[in-house]
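Per-entry structural report
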Amino acid sequence: MKKLLLLALVLACGCKKTEPAPKEGSGSGSGPSPAPGPIESKPHDGIARIDFNRWAVRLNLPVYWIADANNNKSLDPGEVAPLLFYPTAPAYVADGKFTAELEKAYAQIAAASKQPESADRREQLVGKDLDYGRATLVLSDFRKLSADDKQFVGHMMKVASLIDELYDEQTGAAALRAKLPVDPASHSLFRRNRGPKCVAPSTEKEPDCTAIPGNPKPINALYPAELQKDDKFCAVLEKHPKAKDLMAPFVAVRGTPEASDQLVAVPYTEAYKDKMLALSKELAAAADAVKDPGEVALVAYLRAASKSWSDNNWEPADEAWSKMTVDNSKWYVRAAPDETYWEPCNSKAGTHLTFARINQGSRAWQSKLVPVQQEMEKEIAARAGKPYTERKVTFHLPDFIDIIVNAGDDRDALGATIGQSLPNWGPVANEGRGRTVAMFNLYTDPDSLAARRGQAESLLDGGAMKMYAGDAQPGLLATILHEATHNLGPAHEYKVDNKDSRAAFGGPVSQVMEELKAQAGALFLIEFLRAKKIISDELAIQSYVDTIVWAFGHISQGMYEADGKRKTYPQVAAIQNGYLIEKGALVWDPKATAANGKDTGAFKLDLSKMVTACDDLMKDVAGIKARGDKAGAEALIKKFVDGTVVPHDTIKQRYLRYPKANFVYSVAL
Ligand SMILES: [Zn+2]
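On a predicted model such as this, the values are computed, not experimentally measured, just so you know.

Under the counting rule described, the total for this entry stands at 2 disulfides. What pairs with C234 in a disulfide is C345, and their sulfur atoms sit 2.0 Å apart. Its S-S torsion of about -80° marks the bond between C234 and C345 as left-handed, since a negative value means left-handed. Here C234, found in helix α6 (residues 233–239), pairs with C345, found in the loop between β9 (331–337) and β10 (351–359); they are 111 residues apart in sequence, far enough to count as distant. Here C234 matches C345 in class, with each residue buried.

Spelled out as structure tokens, the structure:
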């Protein structure tokens, strides 16, 4: 329902990333250095880091080579993270040294990487599906937390595994686990993909690509198995006289489909009583563990959530949750059934846990921008022109959170949600008192940054790449300005000729135009802030380049869904970059060599035209919104989304060379 595709989707944002433990070996000179100091164990240099991590996934081993911190091309004890949510949890390092478990895993990985490929087609496809996900670490180093906080985190880890168990039962995956063949890759695929199905673009439609030979379909536990034999059972239920009860979000459907009047709605807390009570207990224990007097709001939420998991009434938990903010808690916890994407009928709330630290970075930006918020509105109102007039504005920046673990419905096989608004139902949702969050530590790891740089280098020329920062700051700024601009100029409540935006443009185009306005603001306000010395000249330039690279990422995803539905962000991205191309700020040169030295045909940047181009973009987009100018909106779409100004195919072809992130989690306590 409200899983946001925030601006940051392909962006590296986030100002804080928990870094690996301090590394041994001080010689950080350039180039490969000899193995450091006297070491007892033999070097572990038989396989490159990326391949080590890839083969660990194929072997279903919960081990991760974080980074070659001392650049000796050998795995060292300080560079290993044990991963969560695997069937085993061996200790790989003890007292700063490798254990026998590590030696065993290393030998398995090294051996597997040298073996010829399996002759079995299913196994080949399983390997291919796994390889399309690049294991990407989300590491939280909590070794310095207080003993109480460590206890709290420990309880939350328990909550995470209980949520996983419940979710796997509900999806029907748990019931299939016993059918897995012996090979570890099949087990790994089943674990990562949360069931037997393949998920990569090139393998998801292959019937032979499955963790379980024969490709059995999981039977969702929320509906009677018998009912699911009919492909259209959702439609049948929607037409049922008791549809309203049966399709409610927090109930399972039980009974025999032959006697359809006997179908009944059973509350989650009855249908999954044992697991939900266990969760209720664990959340209460987590509340008990919090001793910090500054965490009153967190404790209130944990207690309310504990009750909701026992009585299926989610509103009190939502109320308590809505009162948590960046100002009253260090933690972000959401343990509830929420989104409905996961199940075949899209009506039942999926069980999930989002457990994160609140990132205080939003406050610094809030305090920089609030003093100039009215002036920003004034500038944008001037660009929008009549009949729009400047109004009084306030900002609502999202909470920035650093993910610790995602469990249940939150943990995807590939990629991750990077923005979300909740809850979906009840008074907190209906009265606009929910919370919006942006997940800020995702895609900020060195591998993701390197992949993004590689993608950028495949399309930009060397000159443009010199202005590409490659760190999180420019993307962070862009996200903030994008979110801020949603509050500026003609927004949701604005009407022209008594028509709101939906009425003026139609739903999908209205959505594109609102996001495009936010995106135009992300570019236009760069110069506004630079001129006021709120940001440096360097950050301003880096932000232009970063925002262009962000747009390439979205453009590569294609403009329309299979059913013809508009993809909002890709279309916004195409209009943004197309506009910059038309204004000469971004120049496609078919003969230029890309910065990677391999591709012919690349974009150059003309910074002298950037400020004017962004000003014009703001003027056009805000003006179209102000006048409810449907023809103007459609002309932009025709030219840049459906037209030939933007080299869509080239962008797609160069970007999709890179695998997607498969986020894996590690918590050091
Ligand atoms: Zn937006």
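Picking up after the structure, the text goes on.
Moving on, we come to the nonpolar core. Grouped together as the largest cluster of nonpolar side chains are 83 residues, with contacts concentrated most on L481 and L580. Among the elements that make up this core, the one with the highest residue count is helix α19 (residues 507–531) (12 residues). With residues up to four places along the chain from it excluded, the contact list for L580 reads L523, I548, A585, L586, M610, A613 and C614. By size, the runner-up hydrophobic cluster in this structure holds 76 residues, among which are M156, L237, Y268 and A297.

Note on the zinc ion: its protein donors are H482 (NE2), H486 (NE2) and E515 (OE). The metal-donor distances range over 2.0 to 2.1 Å. For the zinc ion, the single-chain donor residues occur in sequence as H-x3-H-x28-E. In this pair, H482 sits in helix α17 (residues 473–486) while E515 sits in helix α19, placing the two residues 33 residues apart along the sequence. Pair check on accessibility: H482 and E515 agree, each one buried.

Evaluated as defined, the whole model comprises 3 cavities of 30 Å³ or more. Space inside the largest cavity adds up to approximately 100 Å³. Lining the largest cavity, in full, are L84, F85, Y86, R191, R192, R194, R411, D412, N662, F663, V664 and Y665. Of all the elements in the fold, those that place two or more residues in the lining of the largest cavity are α5 (184–193) and β16 (660–668). Here the lining of the largest cavity gets 4 residues from one element, more than from any other, and that element is β16. Split into classes, the residues belonging to the lining of the largest cavity amount to 6 nonpolar, 1 polar and 5 charged.

What follows is about the packing of helix α1 (residues 49–58) against helix α3 (residues 121–131). It is the contact of α1 with α3, at a shortest axis distance of 10 Å, that shows an interaxial angle of 130°. On the basis of their axis angle, the class for α1 and α3 is oblique. Seen from above, α1 lies across α3 with right-handed handedness. Residues R54, V57 and R58 of α1 touch α3, and the partners they reach there are G127, K128, L130 and D131. In terms of residue class, the contact of α1 with α3 is made up of 2 nonpolar, 1 polar and 4 charged.

Across its 12 residues, helix α13 (residues 373–384) extends 16 Å between first and last C-alpha, which sits within 8% of the 16 Å expected from 1.5 Å per residue. By the burial criterion, the buried members of α13 are Q373, M376, E377, I380, A381, R383 and A384. Along the axis of α13, the buried positions cluster into a sector of 155°, meaning they face one direction only. Next to the buried residues of α13 lie α12 (361–369), α17, α19 and α22 (610–627). Following α13 by one or two positions, G385 adopts a phi angle in the positive range, close to 75°.

Enumeration over the complete set of coordinates arrives at 43 salt bridges. With its nearest N and O atoms 3.6 Å apart, the salt bridge here joins K330 to E295. Of the two residues, K330 sits in the loop between α11 (315–322) and β9 while E295 sits in the loop between α9 (273–289) and α10 (296–311), which places them 35 residues apart along the sequence. A relative accessible area of 27% places K330 in the partly exposed class. We classify E295 as buried; its relative accessible area is 3%. Across the salt bridge formed by E375 and K532, the nearest N and O atoms sit 2.6 Å from each other. Here E375, found in helix α13, pairs with K532, found in the loop between α19 and α20 (537–555); they are 157 residues apart in sequence, far enough to count as distant.

On strand β12 (residues 419–422), burial covers both faces: G419 and S421 on one face and Q420 and L422 on the other are all buried. Inspection of the sheet shows β12 paired to strand β13 (residues 435–439) by 4 bridges, in the antiparallel sense. Bridge pairing in β13 links G419 to A438.

Here we come to the side chain of E282. The residue E282 is located in helix α9 in this model. Looking at E282, the relative accessible area reads 11%, which means it is buried.

With that settled, consider the side chain of Q420. Within the secondary structure layout, Q420 lies in strand β12. Side chain to side chain, Q420 and E339 meet in a polar contact 2.8 Å long.

Moving on to the environment of F440. Along the chain, the position of F440 falls in the loop between β13 and α15 (446–457). Taking relative accessible area as the criterion, F440 reaches 1% and is therefore assigned buried. For the pair F440 and N359, spaced 81 residues apart in the sequence, the C-alpha separation amounts to 7.9 Å.

Of all residues in the chain, 93% have pLDDT values of 70 or greater, and the mean over the chain is 90. Taken together, the stretch residues 1–39 has pLDDT below 50 and engages in 107 contacts with residues farther than four places along the chain or on a different chain.

A few words on the packing of aromatic side chains. For the structure shown, the criterion picks out 21 aromatic pairs. Against the face of W365 rests K368, its NZ or CZ located 4.6 Å from the ring centre. Above the plane of the ring of F85 lies R411, whose end atom (NZ or CZ) is 3.9 Å from the centre.

Conventions adopted
- Residues numbered from 1 in each chain as written.
- Predicted model: local features only at pLDDT ≥ 70, side-chain atom pairs only at ≥ 80, totals over all residues.
- Heavy atoms only, no water.
- Disulfide = S-S within 2.5 Å.
- Helix = DSSP H or I, 4+ residues; strand = E, 2+ residues; numbered from the N terminus.
- Buried < 20%, exposed > 50% of the residue type's maximum accessible area, 1.4 Å probe, protein only.
- Core = buried A, V, L, I, M, F, W, Y, C linked by side-chain atoms within 4.5 Å.
- Contact = heavy atoms within 4.5 Å.
- Donors = N, O, S within 2.8 Å, 3.2 Å for Na, K, Ca; no water.
- 1 Å grid on protein atoms, 1.4 Å probe; cavity = no way out; pocket = protein on both sides within 12 Å on 5 of 7 lines; lining within 4 Å.
- Points joined across faces, edges and corners; volume = space filled by probe spheres on them.
- Nonpolar A, V, L, I, M, F, W, Y, C, P; charged D, E, K, R; others polar.
- Axes fitted to C-alpha atoms, helices over the stretch in contact; angles between N-to-C directions.
- Parallel < 35°, antiparallel > 145°, perpendicular 65-115°, else oblique.
- Left-handed = near helix turned anticlockwise from the far one by under 90°.
- Expected span 1.5 Å × (residues − 1).
- Arc of directions from axis to C-beta.
- Salt bridge = Lys/Arg side-chain N within 4 Å of Asp/Glu carboxyl O.
- Pairing = 2+ DSSP bridges.
- Polar contact = N/O pair within 3.5 Å; in protein donor to acceptor, adjacent residues only side chain to side chain.
- pLDDT = per-residue confidence, 0-100.
- Phe/Tyr/Trp six-rings, centres within 6.5 Å; stacked < 30°, edge-to-face > 60°.
- Lys NZ or Arg CZ within 6 Å of the ring centre and 35° of its normal.

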